[in-house]
Amino acid sequence: MLNLNEDTITQAVLARHAGVADERLRQIMTSLVQHLHAFAREVKLTEEEWLAGIRFLTETGQMCSDKRQEFILLSDTLGLSTLVMAQQNHKPAGCTEATVFGPFHVEGSPQLPLGADIANGAKGEPCFVSGTVRGLDGQPLAQARLEVWQADEDGFYDVQCADLDQHRARATLFADEAGRFHFRSILANSYPIPHDGPVGKMLEALGRHPWRPAHLHFRIQAEGHETLITHVFRRGDPYLASDAVFGVRSTLIADWLRHEAGTAPDGTHCAQPFYTLEYDFILNPKQD
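Residues numbered from 1 in each chain as written. Predicted model: local features only at pLDDT ≥ 70, side-chain atom pairs only at ≥ 80, totals over all residues. Heavy atoms only, no water.

### Notes on the pairing of strand β1 (residues 126-135)
We apply this condition: The classification of residues rests on relative accessible area computed with a 1.4 Å probe and restricted to protein chains. Under 20% of the type maximum is buried, over 50% is exposed, and intermediate values are partly exposed. For helices the rule is a DSSP run of H or I covering at least 4 residues; for strands it is a run of E covering at least 2, with both sets numbered from the N terminus onward. A pair of strands is considered paired only if DSSP assigns at least 2 bridges between the two.
With respect to burial, β1 is a largely interior element, nine of its 10 residues being buried. As paired elements, β1 and strand β14 (residues 281-283) share three bridges and run parallel to each other. Residue pairing for β14: G135 is matched across the bridge by L283.

Rendered as structure tokens:
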């Protein structure tokens, strides 16, 4: 088709996709083209604005590395990550809710025994975390695999620190035969997502802050059950209602209890005030 114009270009592009053998790919690309073209028509996109958008996406890609995923930050801050996660995680009442994965998960984190200090020198006030992993039927899930990771008190994950040669505030643990787990870490604090790149510039232009409320990340797996990716958020945090990545769920908010210096839950003496967090996780059985 020759001499295409603003009224005929969309159908011309879709016609080129008519012979795609992969039906799902054809469905996705058809909808993507239709919505992109409709967006450009609705806002009457100019060539200058189009070029600015291209530059923005180029800079976003250039910011990505093995330690930083700017495109995940972009998806998170636009609410797309939460939308996709919510569509894929319909669970029965009583199951622990899922939330966004975030850009700082690392495969193969150190496997440590229950009770270990996963902070491994990360800056922060001591915190002792415990709980149980159960199925929807209430039965404990023995040997459930828990991956845990968090930022330090300065708001940085270990992978953001170029001078570190080992993981901190990150570990893989296995629950005991009663589904119980416990470990020592540091107090979770609110922190800003990386905002020195294109996503940060976007947030600033929109008058939005880059802050996330204090939280711990968990990925939990157990035989016969769906994998759970979630956070536990610290009650009272000022950013719970305005999380930059829209990840908060009210059922995931918990109390971090402060204790004066003395005997810690693991029986050791803690010479400074410390915190405790207890939270139970309920996993959804896999469907046949």
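Here the narrative resumes.
### A short note on helix α6 (residues 198-205)
Selection rule: Note on contacts: a residue pair qualifies if any of its non-hydrogen atoms lie within 4.5 Å across the two residues.
Looking at α6, one finds that the buried residues are P198, V199, G200, M202 and L203. Looking at the buried positions of α6, the neighbouring elements they touch are α3 (47-62) and α4 (70-77). Immediately beyond the C-terminal end of α6, within one or two residues, lies G207, with a positive phi of roughly 70 degrees.

### A look at the pattern of salt bridges
Operational definition: Salt bridge, as used here, is a side-chain nitrogen of Lys or Arg placed within 4 Å of a carboxyl oxygen of Asp or Glu.
Tallying each qualifying case throughout the model produces 13 salt bridges. In this structure, the salt-bridge partner of D243 is R212, at a minimum N-O distance of 2.8 Å. A residue pair is termed long-range when its members are at least 10 positions apart, and D243 in the loop between β8 (228-234) and β9 (253-254) and R212 in strand β6 (residues 211-212) qualify at 31 residues. Exposure remark for D243: the relative accessible area of 5% places this residue in the buried category. Through salt bridges with shared partners, one network takes in E107, R145, E147 and R219.

### Some thoughts on the nonpolar core
The cut-off we apply is this: The criterion is simple. A nonpolar core is a set of buried Ala, Val, Leu, Ile, Met, Phe, Trp, Tyr and Cys residues joined through side-chain atoms within 4.5 Å.
Core analysis: the largest hydrophobic core is formed by 36 residues, its most contacted members being F218, W256 and F281. In this view, F281 contacts T96, T132, V133, R134, F181, F218, I220, L228, T230 and V232; residues no more than four positions away in its chain are not counted. Counting residues in hydrophobic clusters, the runner-up holds nine residues, among them I193, V199, M202 and L203.

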